[in-house]
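Observations on the model geometry
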Amino acid sequence: TWCRIDYKTIEIHKSIASANTFCDEQGSRNPDFPAMNWKKGFIQTGNDTTVTVEISFAELADLEMIIKMRFQEGFAAGLDNLDHYLSTQFKNPERT
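An account of the accompanying structure is given in this report. (Residues numbered from 1 in each chain as written. Predicted model: local features only at pLDDT ≥ 70, side-chain atom pairs only at ≥ 80, totals over all residues. Heavy atoms only, no water.)

Concerning the environment of Ala-19
To keep it simple, the criterion reads: The helix count covers DSSP runs of H or I at least four residues long, the strand count covers runs of E at least two residues long, and both are numbered beginning at the N terminus. Per-residue accessibility, obtained with a 1.4 Å probe over protein chains only, is compared with the maximum for each type, and a residue is labelled buried under 20%, exposed over 50%, and partly exposed between these values. Note on definitions: a residue-residue contact is assigned when non-hydrogen atoms from the two residues lie within 4.5 Å.
Note on placement: Ala-19 falls in strand 2 (residues 15–23). Of the residues examined, Ala-19 reaches a relative accessible area of 11% and is grouped as buried. Remark: the alpha-carbon pair of Ala-19 and Lys-8, spanning 11 residues in sequence, is separated by 7.1 Å. If we skip the residues at most four places from it in the chain, Ala-19 touches Arg-4, Ile-5, Asp-6, Lys-8, Met-36 and Asn-37.

Thoughts on a nonpolar patch on the surface
The condition that has to hold: Patches here: salt-bridge-free residues with over 30% relative accessible area, like charges joined within 9 Å, nonpolar side chains (Val, Leu, Ile, Met, Phe, Trp, Tyr) joined within 5 Å. The Shrake-Rupley method, run with a 1.4 Å probe, gives the accessible areas here. Residue values count only the displayed protein chains as cover. Salt bridge, as applied in this entry: a Lys or Arg side-chain nitrogen positioned within 4 Å of an Asp or Glu carboxyl oxygen.
A cluster of nonpolar side chains, namely Leu-79, Leu-82, Tyr-85, Leu-86 and Phe-90, defines an oily patch on the protein surface of about 480 Å² accessible area. Inspection of the secondary structure assignment puts Leu-82 in helix 2 (residues 71–89). Residue classification places Leu-82 among the partly exposed residues on the basis of a relative accessible area of 42%.

Some words on the pattern of salt bridges
Side chains that differ in sign of charge can pair as their charged atoms come close. Counting across every chain of the model gives 1 salt bridge. Arg-4 is paired through a salt bridge with Asp-6; the nearest N and O atoms lie 3.0 Å apart.

Observations regarding the packing of aromatic side chains
Rules: Stacked, tilted and edge-to-face are the three classes assigned to paired rings of Phe, Tyr and Trp, where Trp is represented by its six-membered ring and a pair needs centres within 6.5 Å; plane angles under 30 degrees give stacked, over 60 edge-to-face, the rest tilted.
Under the counting rule described, the total for this entry stands at 4 aromatic pairs. Ring plane angle 75° and centroid distance 6.2 Å describe the contact between Trp-38 and Phe-71, whose orientation is recorded as edge-to-face. With Trp-38 in strand 3 (residues 36–45) and Phe-71 in helix 2, this pair connects stretches of sequence that are 33 residues apart. On the basis of relative accessibility, which here comes to 26%, the residue Phe-71 falls in the partly exposed class.

Considering the pairing of strand 3
Looking along a regular strand, one sees the side chains alternate between the two faces of the sheet. The criterion, for reference: Criterion used throughout: strands pair if DSSP finds at least two bridges between them.
In the sheet, strand 2 pairs with strand 3 via 6 bridges, with the strands oriented antiparallel. Directly across from Ser-15, in strand 3, lies its bridge partner Gly-41. Where strand 3 folds back on strand 4 (residues 48–56), the antiparallel hairpin that results is connected by 2 residues, among which Gly-46 adopts a positive phi of roughly 60°.

Written as structure tokens, this is what we have:
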């Protein structure tokens, strides 16, 4: 399974909005799966950046389908991988 991301808006240092869909290897949308609208926000405070993620769907049934596909577990695993990567690649000696 492939994923296609169509970027809607990019506000540098503020946010990225996109529509994400499942697709084939040529990028043609798979109509059997719902589209997900993502908005990622970035807020810098000193040396830290807080990232917020909002995901919305056209219909409640679309959200329910994604949940049944274990999206929550996959998303959490991806965040854990990101945390591990950041903690090992960008160690801040002031935070040990």
